[in-house]
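Residue-level listing of the chains:
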Amino acid sequence: DPVQPLPVKITKSDCIVSAGSCFAAHITSYLRANGFNYLVTEALPSVLQNINPTLSNALGMGIYSAAYGNIYTARQMLQLMRRAYGDFVPVEDRWSQDGDIIDPFRPLLKYPARCHKEFDALREQHLRAVRRAIERADFFIFTLGLTEAWISKRDGAVFPACPGTIAGTFDPRLHKLKNFSVAEVADDLAEINCFFYKVNPKANIILTVSPVPLVATATTKHVLHATTYSKSVLRVACEQAVQASENGSYFPSYEIITGPHGSGTYFASDRRTVTEAGIQHVMRLFFR
């Protein structure tokens, strides 16, 4: 139990918003199951839910507070906030593929738009939902997962996956690998904090680092080296961000899972997937 007392306490009436890597999705289900007020601002209207109950999953709704999917880097989170408030409009804002219109920032949606008008409507609904989540949050839990990202050479837009893998087309003239440094991640976290202070000064931010190691790296390093670099950068950047803020805290989910006390038992046989026992341990300490 490496958890030290946090300067804040979450009550069951507080609005909790979360975002982050795939590990963050586990937090959502546990918060709901234990009666906490997990805020969902982007949900399928009941009339559509009755017509097609699978559409909610296809549109990525209910996993997080809004249907933004996995957010792996601090820059990706900051970019989403800027987009939601009209401070950033990416040049490469949609991909056309096999007659569908794909969102480059939500490529895993199982329901792609069928035309540009539909795409615009879905995107605007999504960005409104992001604004509502930011403005209503009493607590924002953000789990950082990666430092590697693929970005646009034209405007620096960050994609959640390399163009050409899940969707889109990779073009070396337009896309490049970016491996963020400690200073860059810390600066992005500081900007996220400032953003919250401007639009929702009551919000408390809780940072965590995903314990899930990289499955691959786009650098020239071995994936073990890349994982060590990535997690080290994220952990140090979180510490710097918390020390520099008045409303930030760090919760050690990374340390709980990867520490030597676990003897590796919190990872499944693939040595990447966190076991249910590990997740339960993290959440038990979080709820305490």
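The following refers to the structure shown. Fair warning: this is a prediction, and the values are worked out from it, not measured in the lab.

## Focus: the sheet that holds strand S7 (residues 175-179)
Right, so step 1: Taken in spatial order, the three strands make up an open sheet running S6-S5-S7, and their pairing is antiparallel. Strands with a single pairing partner mark the edges of an open sheet, and in this sheet they are strand S6 (158-159) and S7.

## Observations regarding the environment of Phe 180
Right, so step 1: Of note, Phe 180 is situated in the loop between S7 and helix H6 (182-199).
Right, so step 2: With a relative accessible area of 2%, Phe 180 lands in the buried category.
Right, so step 3: For the pair formed by Phe 180 and Glu 148, sequence separation is 32 residues and the distance between their alpha carbons is 6.4 Å.

## Description of the side chain of Asp 103
Right, so step 1: Relative to the helices and strands, Asp 103 resides in the loop between strand S3 (100-102) and helix H5 (116-136).
Right, so step 2: Note on Asp 103: relative accessible area 7%, which makes it buried.
Right, so step 3: Side-chain polar atoms of Asp 103 contact the backbone nitrogen of Phe 105, separated by 2.9 Å.

## A few points about the pattern of salt bridges
Right, so step 1: For the coordinates displayed, the defined rule picks out 16 salt bridges.
Right, so step 2: Across the pair Asp 138 and Lys 202 runs a salt bridge whose closest N-O atoms are separated by 4.0 Å. Of this pair, Asp 138 sits in the loop between H5 and strand S4 (139-144) while Lys 202 sits in the loop between H6 and strand S8 (204-209), placing them 64 residues apart in sequence.
Right, so step 3: You can call Asp 138 buried: its relative accessible area is 17%.
Right, so step 4: Using a relative accessible area of 43% as the deciding quantity, one classes Lys 202 as partly exposed.
Right, so step 5: The partner of Glu 239 in a salt bridge is Arg 235, and the shortest N-O contact between them spans 2.9 Å. With Glu 239 and Arg 235 both in helix H7 (residues 223-244) and four residues apart, this pair spans about one turn of that helix.

## Structural notes on the packing of aromatic side chains
The relative placement of two aromatic rings is captured by the distance of their centres and the angle of their planes.
Right, so step 1: In this structure the tally under the stated criterion is ten aromatic pairs.
Right, so step 2: A network of ring pairs unites the aromatic residues Phe 36, Phe 251, Phe 286 and Phe 287 as a single cluster.
Right, so step 3: If you follow Lys 12 out to its NZ or CZ, it ends over the ring of Phe 36, 5.4 Å from the centre.

## So, the packing of helix H4 (residues 74-84) against H5
In helix packing, the relevant descriptors are the interaxial angle and the interaxial distance, both defined with respect to the helix axes.
Right, so step 1: Interaxial distance between H4 and H5 falls to 9 Å at its minimum, and their mutual angle equals 105 degrees. The angle between the axes of H4 and H5 places the two elements in the roughly perpendicular class. Residue-level contacts link Leu 80, Met 81, Arg 83 and Ala 84 of H4 to Arg 123, His 126, Leu 127, Val 130, Arg 131 and Ile 134 of H5.
Right, so step 2: Residue classes in the contact of H4 with H5 are distributed as six nonpolar, one polar and three charged.

## Here's the deal with the packing of H4 against H6
Right, so step 1: The interhelical angle for the contact between H4 and H6, taken along N-to-C directions, is 30 degrees, at an axis separation of 9 Å. Here H4 is positioned roughly parallel relative to H6, judged by the angle of their axes. Pair H4 / H6 crosses with left-handed handedness. Residue-level inspection shows Ala 74, Arg 75, Met 77, Leu 78, Met 81 and Arg 82 of H4 in contact with H6, the latter providing Glu 184, Val 185, Asp 188, Leu 189, Glu 191, Ile 192, Phe 195 and Phe 196.
Right, so step 2: Residues of the contact of H4 with H6, tallied by class, amount to nine nonpolar, no polar and five charged.

Scoring rules and cut-offs
- Residues numbered from 1 in each chain as written.
- Predicted model: local features only at pLDDT ≥ 70, side-chain atom pairs only at ≥ 80, totals over all residues.
- Heavy atoms only, no water.
- Pairing = 2+ DSSP bridges.
- Helix = DSSP H or I, 4+ residues; strand = E, 2+ residues; numbered from the N terminus.
- Buried < 20%, exposed > 50% of the residue type's maximum accessible area, 1.4 Å probe, protein only.
- Polar contact = N/O pair within 3.5 Å; in protein donor to acceptor, adjacent residues only side chain to side chain.
- Salt bridge = Lys/Arg side-chain N within 4 Å of Asp/Glu carboxyl O.
- Phe/Tyr/Trp six-rings, centres within 6.5 Å; stacked < 30°, edge-to-face > 60°.
- Lys NZ or Arg CZ within 6 Å of the ring centre and 35° of its normal.
- Axes fitted to C-alpha atoms, helices over the stretch in contact; angles between N-to-C directions.
- Parallel < 35°, antiparallel > 145°, perpendicular 65-115°, else oblique.
- Contact = heavy atoms within 4.5 Å.
- Nonpolar A, V, L, I, M, F, W, Y, C, P; charged D, E, K, R; others polar.
- Left-handed = near helix turned anticlockwise from the far one by under 90°.

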